[in-house]
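# Remarks on the overall topology
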Amino acid sequence: MQTTTSNRAARHALSLATASTVLFLAGCNTANTTRPTGPAGADGTVPYQQIVTNGWLKYKANIVGVREGTVNGDMKRVAVDVYSDQLTTQRFSYRFDWTDAGGMPVASATSSMTSVTIKPKETITLTSVAPSPAAVEWRLTFLDAQY
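Residues numbered from 1 in each chain as written. Predicted model: local features only at pLDDT ≥ 70, side-chain atom pairs only at ≥ 80, totals over all residues. Heavy atoms only, no water.

## Remarks on the side chain of Thr141
Looking at the secondary structure, you find Thr141 in strand β9 (residues 137-144). Those residues in contact with Thr141 that lie beyond four places of it in its chain are Val52, Ser93, Tyr94, Arg95, Asp97 and Met113. (Helix = DSSP H or I, 4+ residues; strand = E, 2+ residues; numbered from the N terminus. Contact = heavy atoms within 4.5 Å.)

As structure tokens, this is what we get:
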């Protein structure tokens, strides 16, 4: 009985944290769109130096937009739009990492891998807010999901 109650409490806390994050992000000010680091590829993807890809992203999805902004005046925020050009549902994992002005890592709750699914011809938006005002640069890493 104790374990079930603890599991419920943990799920409830996670639900509240997720809802708080969604509400927090809804109030964010988006300041500008990042600029690609090179010309669009033959498949329509636009290269961004902050995005680390692998075979999954190169062949199954496109980055169709990247927006940066600020929250509360001094915290960076990033939103990356991913479009699946596949005919079947795809699974992948991603992670946002943040660094300070000197290139040193800044610990963040989003620095662990998150697994998601994307439906055929669907666009999803991956977002992250810097863990502190000291975090000024972001990096997004994609990996094949391990299901």
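Alright, that's what it looks like, and here's the rest.
## With respect to the side chain of Asp81
Summarising the element assignment, Asp81 is placed in strand β4 (residues 75-84). Polar side-chain contacts of Asp81 include one of 2.5 Å to the side chain of Arg67. (Polar contact = N/O pair within 3.5 Å; in protein donor to acceptor, adjacent residues only side chain to side chain.)

## A look at the pairing of strand β3 (residues 61-71)
Of all 11 residues making up β3, 8 are buried, and the element is well covered by its neighbours. Alignment of β3 against β4, held across 10 bridges, turns out to be antiparallel. Note on β4: the bridge partner recorded for Glu68 is Val78. Hairpin connection, β3 to β4: the antiparallel pair is bridged by 3 residues, and Asn72 has positive phi, about 55°. (Buried < 20%, exposed > 50% of the residue type's maximum accessible area, 1.4 Å probe, protein only. Pairing = 2+ DSSP bridges.)

## A closer look at the environment of Asn62
Position of Asn62 among the secondary structure elements: in strand β3. Exposure remark for Asn62: the relative accessible area of 8% places this residue in the buried category. Sequence-wise, Asn62 and Asp81 are 19 residues apart; in three dimensions their C-alpha atoms are separated by 8.4 Å.

## Description of the environment of Lys121
Structurally, Lys121 can be placed in the loop between β7 (114-118) and β8 (123-129). Sequence-wise, Lys121 and Thr89 are 32 residues apart; in three dimensions their C-alpha atoms are separated by 9.1 Å.

## A few points about the confidence of the model for the protein chain
Predicted confidence across the protein chain gives a mean pLDDT of 73, with 62% of residues reaching 70 or more. Confidence over residues 1-40 falls short of pLDDT 50; this stretch has 37 contacts with residues more than four positions distant or in other chains. (pLDDT = per-residue confidence, 0-100.)

## Things to note about the pairing of strand β5 (residues 90-99)
Note that β5 and β7 share 5 bridges and pair antiparallel. Residue pairing for β7: Gln90 is matched across the bridge by Ile118. Two strands pair when backbone bridges link them, and β5 and β9 are joined in this way by 8 bridges, in the antiparallel orientation. Paired with Phe92 across the two strands is Asp144, which belongs to β9. Taken together, the 2 bridges between β5 and strand β6 (residues 105-106) define a ladder with antiparallel strand orientation. Residue pairing for β6: Thr99 is matched across the bridge by Pro105. Between β5 and the antiparallel strand that follows it, β6, lie 5 residues; Gly103 among them carries a positive phi value of about 85°.

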